[in-house]
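# Understanding the architecture of this molecule
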Amino acid sequence: MELRHLRYFVTVAELGSISRAAAKLFIAQPPLSAQIRQLEEEVGASLLVRLPRGVQLTPAGRSFLEDARAILARTEQAAVRAREQQSGQRSTLRIGLMPSATQSLLPALIRRFEHTGLNLHIEAQERVPSSRQLLALRNAEIDLGFIRPAASSPQPEWAAQIDDPYCLAVPQQHALARSRQAVMLSALASEVFVAFSRYAESDYFDQTATLCEEAGFTADVRHTATQFMSVLAMVDCGLGVAIVPASCALMLPPRVRLIPLNGPQKNSRLVLIRSANRKQDPWMQKIVELAALELKALEKVVQNLVQKI
């Protein structure tokens, strides 16, 4: 099996078409089809289903695609590291991010790197759900990341974490927005909810669903979005209320209010992850140290915002 076979397969899988993949790879369609069949023979499994228009991954193909991407990423990173080792300077840092961290954390993190004098080439990638980021980290596709893990999530890759308390986002015309008093979640049983899509981030969806269940009701979720900015925009339109982390105050639309949730509850957490195999890497230790400092700085900002709610 050669790397070009993996590249061919990944391109076909991502485009869903052998003809489009052939055009992108600048090769003829019949040789590409032959290469894919050769790969399937070597793997010993059917990876693609040929359809009248395009192709579709089989279950074996979906599994192989995940591994093929990881292999190609590690191959590319190996070349980058070799060049950096020869020049005596590490410079490429691949960061995985949750959408909310892209807005609340990334700008300040890049400024911190710059002020410290690190000449880094940043490659930022939004990856959801959190499990995908952990997989990317273990496959060496990213160097560090920021996730919102489930309570049961394993912790060997955790380098730092902060609490990001759950709050209730409501439109400014809502009765609760006028009182601005902390509210018991159980009082919201009759409300319509806007939620972070379970398809996009199952961990966060499940955490907030559990909060409602522990408060004695199942949330009436009628609207979903894949980013917190979209969740807040839907709240702004008056479509419903939403359970969001307090850090969303940093991106709050003018007509949306945050209200603290009263009573015992589990906090949302924002966690910095890095490879457990690179704990002794001096370059990575410095990067993680700076990222952890920025995470703690965000925590102070969030705490001040919560106090002002």
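Computed from a predicted structure; not experimentally measured. (Residues numbered from 1 in each chain as written. Predicted model: local features only at pLDDT ≥ 70, side-chain atom pairs only at ≥ 80, totals over all residues. Heavy atoms only, no water.)

## Quick notes on the packing of helix α1 (residues 3-15) against helix α2 (residues 18-25)
Definition in use: To obtain an axis, a line is fitted to C-alpha atoms, over the contacting stretch when the element is a helix, and the angle between two such axes runs from 0 to 180 degrees between their N-to-C directions. Labels follow the DSSP assignment, with helices taken as runs of H or I lasting at least four residues and strands as runs of E lasting at least two, numbered in each case from the N terminus. Note on terminology: angles under 35 degrees are roughly parallel, angles over 145 are roughly antiparallel, angles of 65 to 115 are roughly perpendicular, and the others are oblique. The sense of a crossing depends on the near helix, which, turned anticlockwise from the far helix by less than a right angle, makes the crossing left-handed and, turned clockwise, makes it right-handed. Whether two residues are in contact is decided by their heavy atoms: any pair within 4.5 Å suffices.
One can describe the packing of α1 onto α2 by two numbers: an axis separation of 8 Å at closest approach and a directional angle of 125°. Judged on the interaxial angle alone, α2 and α1 are oblique. When the axes of α1 and α2 are compared, the crossing they make is right-handed. Taking contact as the criterion, the partners of Tyr8, Thr11, Val12 and Leu15 in α1 are, on α2, Ile18, Arg20, Ala21, Lys24 and Leu25.

## So, α2
Rule in force here: Only protein chains enter the accessibility calculation, which uses a 1.4 Å probe; a residue whose area is less than 20% of its type maximum is buried, one above 50% is exposed, and one in between is partly exposed. To obtain the arc, one takes the directions from the helix axis to the C-beta atoms.
For α2, the complete set of buried residues consists of Ile18, Ala21 and Ala22. Projected onto a plane normal to the axis of α2, the buried residues spread over an arc of 100° and lie on a single side. Summarising the geometry of α2, the exposed residues directed more than 90 degrees from the buried face are Ala23 and Lys24. On its buried face, α2 is in contact with α1, α3 (29-43) and β2 (55-57). Of the residues flanking the end of α2, it is Phe26, one or two places downstream, whose phi is positive at about 60°.

## A short note on α1
As a reminder of what qualifies: Residue count minus one, scaled by 1.5 Å, sets the expected span of a helix.
Between its first and last C-alpha atoms α1 spans 18 Å; for 13 residues at 1.5 Å apiece the expected length is 18 Å, and the two agree. For α1, the set of buried residues is His5, Leu6, Tyr8, Phe9, Val10, Thr11, Val12 and Ala13. One or two residues past the end of α1 sits Gly16, with phi positive at roughly 70°.

## So, the packing of aromatic side chains
Note the following rule: Stacked, tilted and edge-to-face pairs are distinguished by plane angle, under 30 degrees for stacked and over 60 for edge-to-face with tilted covering the rest, among Phe, Tyr and Trp rings (Trp via its six-membered ring) whose centres lie within 6.5 Å.
Following the criterion strictly, the structure yields 3 aromatic pairs and no others. A ring pair is formed by Phe9 and Phe64, whose centres lie 5.3 Å apart and whose planes are at 70°; its orientation type is edge-to-face. Separated by 55 residues along the polypeptide, Phe9 in helix α1 and Phe64 in helix α4 (residues 59-87) bring together distant segments of the chain. The residues Phe9 and Phe64 share a single accessibility class, namely buried.

## Side note on the sheet that holds strand β6 (residues 158-164)
What counts is decided by this rule: Any two strands with at least two DSSP-identified bridges between them are counted as paired.
With mixed pairing, the 5 strands of this open sheet are ordered in space as β4-β3-β5-β13-β6. In this open sheet, the two edge strands, each paired with only one partner strand, are β4 (121-126) and β6. With direction set aside, neighbouring strand axes in the sheet form an average angle of 15°. In terms of strand pairing, β6 meets strand β13 (residues 268-274) through 6 bridges, oriented antiparallel. Each residue of the ladder has a partner; that of Asp163, found in β13, is Arg269.

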